[in-house]
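Each chain is listed here by its residues.
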Amino acid sequence: MTDNTPRNSLTLLGLGDMGTALARTWLAAGHRITVWNRTAAKAEALAAEGADVATSPAEAVAASRLVVLCLLDDASIGSALQGVDLTGKDLVNLTTGTPAEGRARAAWAEERGARFVDGGIMATPTMIGVPEAGGYVFYSGSRALFDTHRAALEVPAGARFVGEDPGHAALHDVALLSAMYGLFAGISHAYALIDGEDIAPKDLAPLLSEWLGAMGFFVGSTAERLTSRDFTTGVVSSLAMQVAATGTLLRTAEEQRVSPELISPYLELMRRRLTADPAAHGGEDTAGAITLLKR
Ligand code: FVH
C-alpha cells in the first residue's frame, strides 16, 4: 500500500503524562505530529507548540501511517479505536499490557489490515527525550514495521527490538518491573528494621547500595544455572546454610517489631526447595528454588 502521509509525520493517541512527554520530544525533533486525547483540553498546550490536534480518533489515525498509542490500558485501546479504519496503518502500542494482551492486540490489528508492534516503556515521563537518563523501550512484533519507523521510534528513548512475538515486549517489561518490586521490597524491609534505632537511614543508604551492587552477580549466575540446569557446581553459599540462617532474619524482624511479610515468601520458597529433598538440594545455589515457581 502506498503511503500518502507526509514524511516524518506520525499520530499519537493519548496525552497523559507519558503521551505528552512523547509528543513534546517528537515535536522538538522536527516531526509533524497529530495528536488526539479523550479529554480535549490536554491537547491545547501541544497545539500551541505546533502539534495538529484531531477531534476524533478516526481523524487522527487518517493523518499518518505511523500511529502510536499511549493510553491507560488495553481496554482503552479497544474503546478509542472502535470502528476506526486501520487499513494500511502501522500501529505501535506503548500502552502497558500483558503478553497475552499484546498478542491479542496484534491479531486484532492484523484482522483490520494494520501492521503491529507492541512496546514496553522502561522510563518515566521525565526520562523521555533525555538520552543520558538511560530510558528505553522494548519493542516486539512486526520487524518490518520496526525497521521502517526505527528513526522515529528512537527519538523519545532508546529502542530495543526483542523479537517477532508481539507478547515479548510486555514480557520483558514485566520481568524487569517484577524484579524491581522484589528489590523495593527488600530495601523497604531493611529500612523498617533500623527504624527507631540510632542508625540514620542516610547512613544505611550507602551500605545498602554497595551491598546490592555486590549481589548483582546473582543476575548473571542465575541465568547460567537456569541454562545449564546445574544448581550445584561451584556453590559457595549453599541452600542448607541459607535456610538455617533465615531463622536469624525472622527472629530479628520479630525483635525489631517488623512484619516479615515482604521477605517471608522468598525465605519460604528456599525452605520448600530444601525440605523436598535435603540430600539432593542442600548443596544447591538458591537459583534452584526458581523451579518451584512455574505452575
Ligand atoms: N507514567 C509512567 O511513569 C509510566 C512509565 C512506563 C509506561 N507507563 C504506561 O504508559 C501508559 C500511559 O501512561 P501515562 O503516564 O500517560 O498515564 P495517564 O497520565 O494516566 O494517561 C492515561 C491516558 O489514557 C487515556 N485514556 C484512559 N482511558 C481511556 C479510554 N477509555 N479511551 C480513551 N483514552 C483513554 C487518558 O485520557 P484522558 O483521561 O486524559 O481523557 C490519558 O490520555 C500507561 O499504559 C502506563 O502504564 C507510564
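Refer to the structure printed above.
If you're wondering where the values come from, they're calculated on a predicted model, not measured in any experiment.

S.K.: Outline the overall build of the chain, listing residues and values.
M.R.: A tally of helices and strands in the chain yields twelve helices and eight strands. Overall, the chain is about 70 × 45 × 30 Å in size when its C-alpha atoms are taken along their principal axes. Residues classed as buried in the chain amount to 41% of the 295 residues present. In the chain, the share of contacts with a sequence separation of at least 24, taken over all contacts with a separation of at least 6, comes to 59%. Surface exposure of the chain reaches about 15900 Å², of which carbon and sulfur atoms provide 57%.

S.K.: Explain the nonpolar core to me, and be specific about the residues and the numbers.
M.R.: With 32 residues, the main nonpolar core has L12, I33, V92 and Y139 as its most contacted residues. Of all elements in the fold, only β1 (9-13), α1 (17-28), β2 (32-36), β4 (66-69), β6 (115-122), β7 (136-141), α6 (143-153) and β8 (158-161) reach the threshold of two or more residues within this core. By residue number, the principal contributor to this core is α1, which donates six residues. Counting residues in hydrophobic clusters, the runner-up holds 19 residues, among them W36, V67, L71 and F116.

S.K.: Outline helix α10 (residues 239-255), supporting the account with residue identities and numerical values.
M.R.: Because an α-helix packs 3.6 residues into every turn, residues spaced three or four apart end up facing the same way. Between its first and last C-alpha atoms α10 spans 25 Å; for 17 residues at 1.5 Å apiece the expected length is 24 Å, and the two agree. All of the buried residues along α10 are L239, V243, T246 and A253. At its buried positions, α10 is contacted by α7 (168-194), α11 (264-276) and α12 (278-281). Positioned one or two residues after α10, R257 has a phi angle of 55 degrees, which is positive.

S.K.: Requested: an account of a nonpolar patch on the surface, with residues and values cited.
M.R.: A contiguous nonpolar surface patch, about 900 Å² in accessible area, is contributed by Y181, L183, F184, W211, L212, M215, F217, F218 and Y266. Of all the elements in the fold, those that place two or more residues in the nonpolar patch are α7, α8 (201-214) and α9 (217-228). Here the nonpolar patch takes three residues from α7, the largest share from any one element. Along the polypeptide, W211 turns up in helix α8.

S.K.: Which residues make up the pairing of β8, and what values go with them?
M.R.: Only one face of β8 is buried, namely the one carrying A159 and F161, since none of G158 and R160 on the opposite face is buried. With four bridges connecting them, β7 and β8 associate as parallel partners. When the sheet's bridge partners are listed, Y139 is paired in β8 with F161.

S.K.: Describe the packing of α10 against α11, and please don't skip the residues or the numbers.
M.R.: Packing of α10 against α11 brings their axes to within 10 Å, and their N-to-C directions diverge by 145 degrees. Seen from above, α10 lies across α11 with left-handed handedness. Along the contact surface, α10 presents L239, A240, Q242, V243, T246, L249 and L250, while α11 presents S264, L267, M270, R271, R273 and L274. The residue makeup of the contact of α10 with α11, split by class, is eight nonpolar, three polar and two charged.

S.K.: Please set out the packing of α7 against α8 residue by residue, giving values where relevant.
M.R.: Each pair of packed helices can be summarised by the angle the axes make with each other and by the distance between the axes. Two numbers describe how α7 lies on α8: the axes approach to 11 Å, and their chain directions differ by 145 degrees. Along this stretch, α7 crosses α8, giving a crossing that reads as right-handed. Every residue of α8 that contacts α7 at L183, I187, A190, Y191 and I194 is listed here: P201, L204, A205, L208 and L212. Along the lines of polarity and charge, the residues of the contact of α7 with α8 split into ten nonpolar, no polar and no charged.

S.K.: Outline the site of the ligand, listing residues and values.
M.R.: In the region of the ligand, 21 residues are neighbours, and M18, N37, T39, K42 and T96 sit closest. Between the ligand and the protein, one listed contact pairs an oxygen atom with a backbone N or O atom of L15 at 3.2 Å. One nitrogen or oxygen atom from the main chain of G16 is found 3.3 Å from an oxygen atom belonging to the ligand. Contact with the protein chains removes 76% of the 900 Å² of surface that the ligand exposes when unbound. Those elements that provide at least two residues to the shell around the ligand are α1 and α4 (74-80). A total of three residues in the shell around the ligand trace back to one element, the largest contributor, which is α1.

S.K.: So what's going on with the sheet that holds strand β3 (residues 52-53)? Which residues, and what values?
M.R.: Pairing is mixed in the open sheet, where eight strands are placed in the order β3-β2-β1-β4-β5-β6-β7-β8. Looking along the sheet, the strands with just one partner apiece sit at the ends: β3 and β8. Pairing of β1 with β4, which is carried by four bridges, proceeds in the parallel orientation. By the bridge assignment, T11 is partnered in β4 with V67.

S.K.: For the side chain of T222, give the residues involved together with the corresponding values.
M.R.: By the secondary structure assignment, T222 is in helix α9. Excluding its chain neighbours within four sequence positions, the residues that come into contact with T222 are A287 and I290.

Calculation rules
- Counting restarts for each chain, with residues numbered from 1 along the sequence as it is written.
- Totals for whole chains, interfaces and linings use every residue, but because this is a predicted model, local features are given only for residues with pLDDT of at least 70 and side-chain atom pairs only at 80 or more, for both listing and counting.
- Side-chain measures here rest on the full set of heavy atoms in the structure, leaving out hydrogens and waters.
- To qualify as a helix, a DSSP run of H or I must reach at least 4 residues; to qualify as a strand, a run of E must reach at least 2; elements of each kind are numbered from the N terminus.
- For the exposure calls, accessible area comes from a 1.4 Å probe over protein chains only, and a residue counts as buried if that area is under 20% of its type's maximum, exposed if over 50%, partly exposed in between.
- The contact criterion used is simple: two residues touch if any of their non-hydrogen atoms lie within 4.5 Å.
- Here the open area of atoms and residues is found with the Shrake-Rupley method and a 1.4 Å probe, where only the protein chains shown may cover a residue.
- Definition of nonpolar core: a set of buried residues of the types Ala, Val, Leu, Ile, Met, Phe, Trp, Tyr and Cys, connected through side-chain atoms within 4.5 Å.
- The length a helix should cover is 1.5 Å for every residue beyond the first.
- For patch detection, residues must exceed 30% relative accessible area and be free of salt bridges, and they are connected within 9 Å for like charges or within 5 Å for nonpolar side chains (Val, Leu, Ile, Met, Phe, Trp, Tyr).
- Any carboxyl oxygen of Asp or Glu within 4 Å of a side-chain nitrogen of Lys or Arg constitutes a salt bridge here.
- At least two bridges found by DSSP between two strands is the condition for calling them paired.
- Orientation is described by lines fitted to C-alpha atoms, with helices fitted over the stretch in contact, and by angles between N-to-C directions that extend from 0 to 180 degrees.
- Should the near helix be turned anticlockwise from the far one by less than a right angle, the crossing is termed left-handed; should it be turned clockwise, right-handed.
- Residue polarity is assigned by list, with Asp, Glu, Lys and Arg as charged and Ala, Val, Leu, Ile, Met, Phe, Trp, Tyr, Cys and Pro as nonpolar; anything else, Gly included, falls into the polar class.
- What makes a residue near a molecule or strand is one non-hydrogen atom of that residue sitting within 4 Å of it.
- Residues adjacent in sequence count toward polar contacts only when both atoms are side-chain atoms; beyond that, a polar contact is any pair of N or O atoms within 3.5 Å, and within protein one must be able to donate a hydrogen and the other to accept it.

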